[in-house]
Amino acid sequence: MRPPRMLVVDDNDLNIEVAKYLLTKAGMEVAIAADAPAALAQVAAFAPDLVLMDIQLPGLDGLALTRRLRSQPATRSLAIVAFTAYAMKGDRERFLAGGCDGYIGKPIDVATFADEVRALLPAL
């Protein structure tokens, strides 16, 4: 059985490096993308099981990118988790209503992050 594949979409290098390190250490394969065009290319090339989607991306934001992925038959059921510092009342619900399957707030808890991500994985 292959390890779970994660795509981390974030324009902050530190967020990417920390997430990549923690997920890789937990036995997952990780690809990264800093914007929507790179994320679309990685979804096609890497075939992730789950996408950690930053909401505030340059150009096309994470919710618009999520809607785009949901509109395509090949990616309609892809697990997408909002991975964001937006933590105001109602934000989590807005992201779920916008097509995300889950929510992980930043800053992350390094002790529990990989387990949180693993719990959001679809059955493989």
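What comes next concerns the included structure. None of these values were measured; they are calculated from a predicted model.

With that settled, the discussion passes to unusual backbone geometry. Here the amide bond leading from K106 into P107 is cis, since omega sits at 0 degrees, within 30 degrees of zero. Its place among the elements puts P107 in the loop between β5 (102–105) and α5 (113–120).

In terms of strand pairing, strand β4 (residues 79–84) meets β5 through 4 bridges, oriented parallel. When the sheet's bridge partners are listed, A82 is paired in β5 with Y103. Taken together, β4, helix α4 (residues 91–97) and β5 constitute a β-α-β crossover, and its handedness is right-handed.

Two numbers describe how helix α2 (residues 36–46) lies on helix α3 (residues 62–71): the axes approach to 11 Å, and their chain directions differ by 30 degrees. Put simply, α2 runs roughly parallel to α3. Here the hand of the crossing between α2 and α3 comes out right-handed. In contact with A36, A39, L40 and V43 of α2, α3 contributes L65, R68 and L69. Residue composition of the contact of α2 with α3, by class: 6 nonpolar, no polar and 1 charged.

Calculation criteria
- Residues numbered from 1 in each chain as written.
- Predicted model: local features only at pLDDT ≥ 70, side-chain atom pairs only at ≥ 80, totals over all residues.
- Heavy atoms only, no water.
- Helix = DSSP H or I, 4+ residues; strand = E, 2+ residues; numbered from the N terminus.
- Pairing = 2+ DSSP bridges.
- Right-handed = clockwise from strand over helix to strand, strands pointing away.
- Axes fitted to C-alpha atoms, helices over the stretch in contact; angles between N-to-C directions.
- Parallel < 35°, antiparallel > 145°, perpendicular 65-115°, else oblique.
- Left-handed = near helix turned anticlockwise from the far one by under 90°.
- Contact = heavy atoms within 4.5 Å.
- Nonpolar A, V, L, I, M, F, W, Y, C, P; charged D, E, K, R; others polar.

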